[in-house]
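Here is how the chains run, residue by residue.
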Amino acid sequence: MPKAVEYKANSIVYFKGDNNDRVYLLKSGKVSLKYNDIETGQEMYDLIQTGEFFGVKSALGKYPREETAMVLQ
């Protein structure tokens, strides 16, 4: 059952390697996903926009998170 959760700026929604089956929808604010590029190993960032889902792939595939999700605002 969906529920709204409010996070403070600079807090972590989930860490790389976490195991859970939650899928997130950004209602407001900004969230950054930090991960390593598969080919280069370089640290990469994706910005989640309002209305976008995140955490979907690992939740549905039942495997550990491939990225860390941090609240920017």
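Just above sits the structure.
On a predicted model such as this, the values are computed, not experimentally measured, just so you know.

Conventions used here
- Residues numbered from 1 in each chain as written.
- Predicted model: local features only at pLDDT ≥ 70, side-chain atom pairs only at ≥ 80, totals over all residues.
- Heavy atoms only, no water.
- 1 Å grid on protein atoms, 1.4 Å probe; cavity = no way out; pocket = protein on both sides within 12 Å on 5 of 7 lines; lining within 4 Å.
- Points joined across faces, edges and corners; volume = space filled by probe spheres on them.
- Helix = DSSP H or I, 4+ residues; strand = E, 2+ residues; numbered from the N terminus.
- Nonpolar A, V, L, I, M, F, W, Y, C, P; charged D, E, K, R; others polar.
- Pairing = 2+ DSSP bridges.
- Axes fitted to C-alpha atoms, helices over the stretch in contact; angles between N-to-C directions.

Here's the deal with the layout of surface pockets
Approximately 730 Å³ is the volume attributed to the largest pocket. As for the largest pocket, its lining consists of 22 residues, and the residues nearest its centre are Lys3, Ala4, Val5, Tyr7 and Leu25. Elements that contribute at least two residues to the lining of the largest pocket include exactly strand S2 (24-25) and strand S5 (53-54). Here the residues of the lining of the largest pocket are counted per class, giving 14 nonpolar, three polar and five charged. The volume enclosed by the second largest pocket comes to roughly 310 Å³.

What about unusual backbone geometry?
Even without being glycine, Asn10 reaches a positive phi, approximately 70°. The phi torsion at Lys62 lies on the positive side, around 60°, for a residue other than glycine. Along the chain, the position of Lys62 falls in the loop between helix H1 (56-61) and strand S6 (68-71).

Examining the sheet that holds strand S3 (residues 31-36)
Here we have four strands laid out as an open sheet, ordered S1-S6-S3-S4, and antiparallel in their pairing. The two strands at the open ends of the sheet, each matched to only one other strand, are strand S1 (12-14) and strand S4 (43-48). Taking each pair of neighbouring strands and ignoring which way they run, the sheet shows an average axis angle of 30°. When S1 meets S6, the two strands line up antiparallel, connected through two bridges. Residue pairing across strands places Ile12 opposite Met70, the latter belonging to S6.

A closer look at the pairing of S4
With six bridges joining them, S3 and S4 adopt antiparallel strand pairing. Counterpart to Asn36 in the pairing with S4 is Glu43.

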